[in-house]
Amino acid sequence: MEAIVFDQFGGPDVLHQADIEVPQPGPGQIRVRVKAAGLNALDGKIRSGALEAVFPTPLPSVPGHELAGVVDALGEGVQDVQVGDEVLGWSDTGSYAQYALATTVAPKPAGLDWQHAVALPVASETAERVLNLLGVTAGETVLMHGAAGGVGTLAVQVATARGARVIATAGPANQDYLASLGATATVYGEGLVERVRALAPDGVDAVFDVAGKGALEDSIALRGGTERIVTIADFRAHQLGITFASGGQERSAARLAALAQDAATGKVVTTVTAYPLDQAATAQQVSDAGHVRGKLVLTVD
């Protein structure tokens, strides 16, 4: 099968196409003919070698942690899906490939296309897990840094659905986009503390840092301490006494299925930019640069 592989750490240029063996499902696994693969900032950090100390990656490696596609084969003991089912979920093997293995998947609604389906698994799990960790409830104000990306897009909607107010930061080009999702938008950078205090005179109850672009000090100033601040992207967190939330522990097929239905009916909004699989290096370069609106995805023939 065709796959995107890297056999050394480095920039996006280390990614290349290769012909590798089709994976075989083990007990409890399914094999999926991939139609779309989700691209996350984590993919680039792993590829660069920046996470090797905490996230060892054997080489060669196929990137990708989420997929949408058609069930192609079943491992021993699998009973809840059938060959031919259309699904979305988390990949056990790299998803930048024609085939990948998975354990936790949900049915893809007929009204949801592949590209928008694959925007859901990682972003939704991350958004809900961090908002739960922060204990966000109705009537509270949440500050989200870098909210225009794939995780932020869903996190804004999940938080507002809980009855919270979201003050969301992004670049000038994404202010209207964040407002359309239900957030109060403001730009990041110098003067952020003053801008947020003007928007929330009574203070912010929690901070969710999606961007990892150096906003933790401002977050501490706004919170008056490190309590109820969580980052998923700034590796200085521990030095500052802030919680760093790594992902993947709360994968729920049932919750993903419900969210997919909401996305199919328009109740939940997803925004995607798609690249063909053979342009994975270009897509990761865009991801590495930041300022992405919504989700980057790869389409697989």
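If you check an unreviewed UniProt entry, the protein chain appears there as NADPH:quinone reductase-like Zn-dependent oxidoreductase from Streptomyces umbrinus. Quoted verbatim from the Sequence similarities (unreviewed entry) heading of the UniProt record, the comment on the protein chain is "Belongs to the zinc-containing alcohol dehydrogenase family."

(A) Main features of the packing of helix α6 (residues 192-199) against helix α7 (residues 216-223). Following both chains from N to C, one finds α6 and α7 inclined at 40°, their axes separated by 10 Å at the closest point. Every pair of crossing elements has a handedness; the one defined by α6 and α7 is right-handed. In contact with L192, V193, V196 and R197 of α6, α7 contributes D218, A221 and L222. Broken down by class, the residue content of the contact of α6 with α7 amounts to five nonpolar, no polar and two charged.

(B) Expanded view of the pattern of salt bridges. The tally for this structure, following the rule as stated, stands at nine salt bridges. Its salt-bridge partner being R129, residue E125 comes within 2.7 Å of it at the nearest N-O pair. Remark: R129 and E125 occur in helix α3 (residues 121-134); sequence separation between them is four residues, near one turn of the helix. With relative accessibility at 7%, the residue E125 sits in the buried group. When its relative accessible area of 7% is taken as the criterion, R129 is described as buried. Residues participating in the shared-partner salt-bridge network are E217, D234 and R236.

(C) Representation of the environment of L178. Tracing the chain through its elements places L178 in helix α5 (residues 175-180). C-alpha of L178 to C-alpha of A164: the two residues are 14 residues apart in sequence and 15 Å apart in space. Beyond its immediate sequence surroundings of up to four residues, L178 is in contact with A147, A148, A168, T169, A170, A183 and A185.

(D) Focus on the pairing of strand β8 (residues 165-170). For β8, a buried count of five out of six residues is recorded, marking the element as mostly surrounded by other parts of the structure. Inspection of the sheet shows strand β7 (residues 141-145) paired to β8 by four bridges, in the parallel sense. Residue pairing across strands places V142 opposite V166, the latter belonging to β8. As defined by bridge partners, β8 adjoins strand β9 (residues 184-187) across four bridges and the pair is classed as parallel. Each bridged residue has a counterpart across the sheet, and for T169 the counterpart in β9 is T186. Once the chain exits β8 it traverses α5 before rejoining the sheet at β9, and the crossover so formed is right-handed.

(E) Molecular detail of unusual backbone geometry. Between L59 and the following residue, P60, the backbone shows a cis peptide bond with an omega angle of -5°. Along the chain, P60 falls in the loop between α1 (41-48) and β4 (66-74). With a phi angle near 60°, R228 is a residue other than glycine that sits in the positive phi range. Tracing the backbone shows R228 in the loop between α7 and β11 (229-231).

Rules behind the numbers
- Residues numbered from 1 in each chain as written.
- Predicted model: local features only at pLDDT ≥ 70, side-chain atom pairs only at ≥ 80, totals over all residues.
- Heavy atoms only, no water.
- UniProt positions renumbered as here; feature names shortened; annotations may be inferred.
- Axes fitted to C-alpha atoms, helices over the stretch in contact; angles between N-to-C directions.
- Helix = DSSP H or I, 4+ residues; strand = E, 2+ residues; numbered from the N terminus.
- Left-handed = near helix turned anticlockwise from the far one by under 90°.
- Contact = heavy atoms within 4.5 Å.
- Nonpolar A, V, L, I, M, F, W, Y, C, P; charged D, E, K, R; others polar.
- Salt bridge = Lys/Arg side-chain N within 4 Å of Asp/Glu carboxyl O.
- Buried < 20%, exposed > 50% of the residue type's maximum accessible area, 1.4 Å probe, protein only.
- Pairing = 2+ DSSP bridges.
- Right-handed = clockwise from strand over helix to strand, strands pointing away.

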